Amino acid sequence: MTPIGAGSSAHSVLDSGPSVRERAAVGRAARGRVRRRSGRGWYPAGRPNDPLAILLAQNEARAPTLTPVRMSRMSISPWNYYRGAAAVMAADLAT
């Protein structure tokens, strides 16, 4: 039995697909159909997911004594903020 990846027919996943030049040509062709300036007038629809409002709504369901602990931990660093703000990220990804 031949191990996976052994033999002359083995190839890397990185070897498959279009080359850099081919991808660049596809991008140039797309810019010919849709100009970059066309996105200038686009605005998100009202941004219903206000991050602060989401966090405050979550705080209402938590024990009041633990809310300051959560907020102080989230304010230490961006990493801690994102760790404590999973609902904010979920709301952003859902839109």
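Up top you'll find the structure we're talking about.
Residues numbered from 1 in each chain as written. Predicted model: local features only at pLDDT ≥ 70, side-chain atom pairs only at ≥ 80, totals over all residues. Heavy atoms only, no water.

Asker: An account of the overall build of the protein is requested, with residue identities and associated values reported.
Answerer: When helices and strands are tallied, the protein shows five helices and zero strands. Mapped in sequence order, the helices and strands of the protein form the string α-α-α-α-α. Buried positions account for 11% of the 95 residues belonging to the protein. Residue pairs at least 24 apart in sequence account for 48% of intrachain contacts in the protein once pairs closer than 6 positions are excluded. In the structure as shown, the protein presents an accessible area of about 8400 Å², 61% of it carried by carbon and sulfur atoms. (Helix = DSSP H or I, 4+ residues; strand = E, 2+ residues; numbered from the N terminus. Buried < 20%, exposed > 50% of the residue type's maximum accessible area, 1.4 Å probe, protein only. Contact = heavy atoms within 4.5 Å. Areas by Shrake-Rupley, 256 points an atom, 1.4 Å probe, with all protein chains shown as cover.)

Asker: Outline the packing of aromatic side chains, supporting the account with residue identities and numerical values.
Answerer: Under the defined criterion, the tally for this structure stands at one aromatic pair. Plain terms: the ring middles of Y81 and Y82 are 5.3 Å apart, the flat faces sit at 70° to each other, and that makes the pair edge-to-face. Judged by its relative accessible area of 24%, Y81 is partly exposed. Y82 gets classed as exposed once you look at its relative accessible area, which sits at 58%. (Phe/Tyr/Trp six-rings, centres within 6.5 Å; stacked < 30°, edge-to-face > 60°.)

Asker: Please give an account of the packing of helix α2 (residues 51-60) against helix α5 (residues 86-94) that cites residues and values.
Answerer: Closest axis-to-axis distance for the α2/α5 pair is 9 Å, and the angle between their directions is 130°. As the angle between them shows, α2 and α5 are arranged oblique. Crossing geometry of α2 relative to α5 is assigned as right-handed. Residues P51, I54, L55 and Q58 of α2 pack against A87, V88 and A91 of α5. Its residues assigned to classes, the contact of α2 with α5 comprises six nonpolar, one polar and no charged. (Axes fitted to C-alpha atoms, helices over the stretch in contact; angles between N-to-C directions. Parallel < 35°, antiparallel > 145°, perpendicular 65-115°, else oblique. Left-handed = near helix turned anticlockwise from the far one by under 90°. Nonpolar A, V, L, I, M, F, W, Y, C, P; charged D, E, K, R; others polar.)

Asker: With reference to specific residues and values, describe the nonpolar core.
Answerer: In this structure, I54, L55, M74, A85, V88 and A91 together form the largest nonpolar core, which totals six residues. Only α2 and α5 provide two or more residues apiece to this core. For V88, the residues in contact, after removing those within four places along its chain, are P51, I54, L55 and Y81. (Core = buried A, V, L, I, M, F, W, Y, C linked by side-chain atoms within 4.5 Å.)

Asker: Describe the side chain of N59, with residues and values.
Answerer: Considering the arrangement of structural elements, one finds N59 in helix α2. A distance of 3.1 Å separates a polar atom in the side chain of N59 from a polar atom in the side chain of R70. In this structure, N59 is in contact with T67, R70 and M71, ignoring residues within four places of it in sequence. (Polar contact = N/O pair within 3.5 Å; in protein donor to acceptor, adjacent residues only side chain to side chain.)

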